[in-house]
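Chain by chain, the residues:
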Amino acid sequence: MEAKPAKVPGVGPLERAVLDRLWDADRPLSIREVLEALGPDHPVTFNTVMTVMNRLVEKGLLRRSGKRRRYLYQPALSRREYLGRSSYQQMESLLAEMGPLALAGFVDAAADADPAYLRRLAELIRHREASSDSREG
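Note that the coordinates shown come from a computational prediction; the quantities given were computed from them, not determined experimentally.

Thresholds applied
- Residues numbered from 1 in each chain as written.
- Predicted model: local features only at pLDDT ≥ 70, side-chain atom pairs only at ≥ 80, totals over all residues.
- Heavy atoms only, no water.
- Helix = DSSP H or I, 4+ residues; strand = E, 2+ residues; numbered from the N terminus.
- Pairing = 2+ DSSP bridges.
- pLDDT = per-residue confidence, 0-100.
- Patch = residues over 30% accessible without salt bridge, like charges linked within 9 Å, V, L, I, M, F, W, Y side chains within 5 Å.
- Areas by Shrake-Rupley, 256 points an atom, 1.4 Å probe, with all protein chains shown as cover.
- Salt bridge = Lys/Arg side-chain N within 4 Å of Asp/Glu carboxyl O.
- Buried < 20%, exposed > 50% of the residue type's maximum accessible area, 1.4 Å probe, protein only.
- Arc of directions from axis to C-beta.

**Topic: the environment of Met50**
You can see Met50 is positioned in helix H3 (residues 46–58). Once the C-alpha coordinates of Met50 and Ser87 are considered, the two residues, 37 residues apart in sequence, prove to be 27 Å apart.

**Looking at the pairing of strand S1 (residues 62–65)**
When S1 meets strand S2 (residues 72–75), the two strands line up antiparallel, connected through four bridges. Bridge pairing in S2 places Ser65 opposite Leu72. Hairpin remark: S1 followed by S2, antiparallel, with six residues in the connecting loop; positive phi at Gly66, about 100°.

**Focus on the confidence of the model for the chain**
Keep in mind that low pLDDT regions are not for reading the predicted coordinates in detail. Here the chain averages 92 in pLDDT, and 98% of its residues register 70 or above. No element of the chain has a lower mean pLDDT than helix H6 (residues 115–136), which averages 87, and none a higher one than S2, which averages 98.

**Points about a nonpolar patch on the surface**
Together, Leu94, Met98 and Leu101 line one region of the surface with nonpolar side chains, adding up to about 280 Å² of accessible area. Tracing the backbone shows Leu94 in helix H4 (residues 79–98). Residue class for Leu94 comes out partly exposed when judged on its relative accessible area of 33%.

**Section: helix H2 (residues 31–38)**
Along an α-helix, residues three or four apart share an orientation, since each turn contains 3.6 residues. All buried positions along H2 are accounted for by Ile31, Val34, Leu35 and Leu38. Mapping the buried residues of H2 onto a view down its axis gives an arc of 100°, with all of them on the same face. Looking one or two residues past H2, Gly39 carries a phi angle of roughly 60°, positive in sign.

Okay, structure coming up:
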């Protein structure tokens, strides 16, 4: 069995928007740059963005470098790492609460979203079974 991914803290909508802007930038940004990148979709103040970004640092999702008043921020995890860990936690929670119903719901939702997801799911299952068999043998 592969190791469980490390847990990631949950984030609210504004925290996620900040993370998205930093992932999209692909370079460290200042608070002002993030505020500008949020644009009219998120009419917030500089102080609000500063608070959100500092909370993301405390949660371990952003890294801060530089000197006070000139800090630059960058994600501590790639978007792929964050989404992978987050989806694992959500599925783990659903399975603990609903068991087989969660699996059935996941398969139905995957089929409705894109039939190719079912083929990919079957490939992932085969791969996981093959790697389990090779460790047992």
